[in-house]
Amino acid sequence: MTPPTTSDLVVTGGTVVSHDGRRRQDIAIRDGRIVAVGDDLAAAGVPTVDATGLLVLPGLVDMHVHLREPGMTEKEDFASGTSAAAAGGVTTVVDMPNTKPPVATAERFRQKLDLVKNKAYVDFGLYGMLDHDNDHEIAAMAELGAMGFKLFMGQTTGDNRCPNDAAIFRGLEAAAAAGLVVGVHAENDHLLRMFGDRLQACGRRDPRAHLDGRPDFVEVEAVTRIITMATEAKTELHIHHLSSAAGLQRVMDLRARGHRVTVEALVSHLFLDEDAYDTYGNLIKLNPPIRPAADVEALWAGIGRGDVDIIATDHAPHTADEQKEDDVWKAYGGFIGVETMLPLLLTAAAQGKLTVEDIVRLCSYTPAQRWSMSTKGQISAGFDADFVLVDPTAEFVLDQTSLHSKHNVTPYNEWPLTGAVVATYLRGNLIFEKGEVIGAPAGRQVIPARTPLATH
Ligand SMILES: [Zn+2]
């Protein structure tokens, strides 16, 4: 019988960074799984990857991407979006359900899975939607491997209708019974519409009107309401793209009273503030909006204290033409980001704003733990051999034409960055190196190892 440490690939000479430290170690891999991490694992006849001088990070897990399939493939699709992920060191993406049609029934979930399953260059999870009347579909979507359920309390791209509070509560109960996380876009839809109408009536058309129409209390109100309901329904709750100092303070206050919730910050909310409206216009229209510098600083402080659990991208592509729209009310929300997350965060690490260990914790370890991805997020024996080789000292100027999405318009174009993705491996296979995505799409669906919370 083959001894358990026999390997078919060994990564040598690199510094392995985990969520809680770093060590110069080799990694032995067999059949796409890590079988050992330790000293001097190279063996005669076994191929090696020389990672000398490089950092080896667990592949990033981006909990928040919109790959636009089905229905909006003029913006992005699973092949292009997951190519961008591979190039960005992201080996697992979780795709959002606000497609055309929305993924709000088991039938549509199955259709989406069939549509995308052979197109992905990285592993992927799929969110179902929690809509205005689909609590009876939640259990069946869970059976098909839904990673969790997205609840849009505020309007966004796609055909989704925001559920009222009764529908939200029924959905929260159904998700709790299925043992899955509900991820929420927490903004009060009625208030957003009212403020938007007022600004339009005043004749505002400029990019900054988007910020003025989404004051932070709109987020505070929605955060308070959804945490209150999720606690009552015993639902595992995650707040996507929390954007304001006041919103984060409210989460901290509610946690101090015993409410349990995880919080995500977006890369865009960490690297852009309201001055960016002057430079980039409607390209940086995002829901929730890019906010004043004080909010950005509050999110960074929350990362420093551990109050922000996860960083994600909200990779939300639109066509290059759509992103030229001058009228803020017609402009689309969101822009690409899955390929630029790691270089931006490495640049922040080079500047001392966080550590590479923090990046691993926020972008890999914690998302994998939170969504019960039992083989993701760590470089340890038994885990999938998903890893990224990083040169933390490489300095370069970002050129958006080198990116891998269908439309590569990004506010970070021409930004000087420090820290580059050298190569990305998915289950032991090289999928990206030297600017090129390599091989055929081999990504698989990731299914959460869920534990039903209720017994009825
Ligand atoms: Zn989103």
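Below is a short write-up of the structure. Numbering of residues starts from 1 in every chain and runs along the sequence as written. With pLDDT at 70 or above as the cut-off, local features in this predicted model cover only qualifying residues; side-chain atom pairs require 80 or more to be listed or tallied, and sums for whole chains, interfaces and linings still use all residues. Calculated side-chain values reflect all of the structure's heavy atoms, with hydrogen atoms and water omitted.

**Topic: the pattern of salt bridges**
(1) Moving on: Each reported salt bridge corresponds to a side-chain nitrogen of Lys or Arg within 4 Å of a carboxyl oxygen of Asp or Glu. Under the counting rule described, the total for this entry stands at 29 salt bridges.
(2) Moving on: Across the pair D384 and R33 runs a salt bridge, and its minimum N-O distance is 3.0 Å. One end of the pair, D384, is in the loop between helix 13 (356-370) and strand 16 (387-397); the other, R33, is in strand 5 (residues 33-38), with 351 residues separating them in the sequence.
(3) Moving on: Buried residues are those whose accessible area, probed at 1.4 Å on protein chains only, stays under 20% of the maximum for their type, while exposed residues exceed 50% and partly exposed ones sit between those limits. Of the residues examined, D384 reaches a relative accessible area of 7% and is grouped as buried. Put simply, DSSP H or I for four residues or longer makes a helix, DSSP E for two residues or longer makes a strand, and each gets a number counted from the N terminus.

**A few points about the sheet that holds strand 9 (residues 90-95)**
(1) Moving on: As summarised here, the arrangement of the eight strands in space is 8-9-10-11-12-13-14-15, forming an open sheet in which the pairing is parallel. With partners counted over all chains shown, the strands left at the sheet margins are strand 8 (60-65) and strand 15 (310-312), one partner each. For this sheet, the mean angle separating the axes of adjacent strands, direction not counted, is 30°.
(2) Moving on: Strands were regarded as paired on the criterion that DSSP finds at least two bridges between them. Both strand 12 (residues 181-185) and strand 13 (residues 237-239) contribute to a ladder of three bridges, which runs parallel. Following the sheet pairing, G183 is matched in strand 13 by H238.
(3) Moving on: Residue contacts are counted whenever heavy atoms from the two residues lie within 4.5 Å of one another. Note on definitions: angles span 0 to 180 degrees between N-to-C directions of axes, and those axes are lines fitted to C-alpha atoms, for helices only across the stretch in contact. Its contacts with the sheet put helix 2 (residues 106-116) on strand 9 and strand 10 (123-129), and the angle it makes with strand 10 is roughly 155°.
(4) Moving on: Sheet strands touched by helix 13: strand 8, strand 12, strand 13, strand 14 (262-266) and strand 15. Its angle to strand 8, the strand with the most contacts, is close to 70°.

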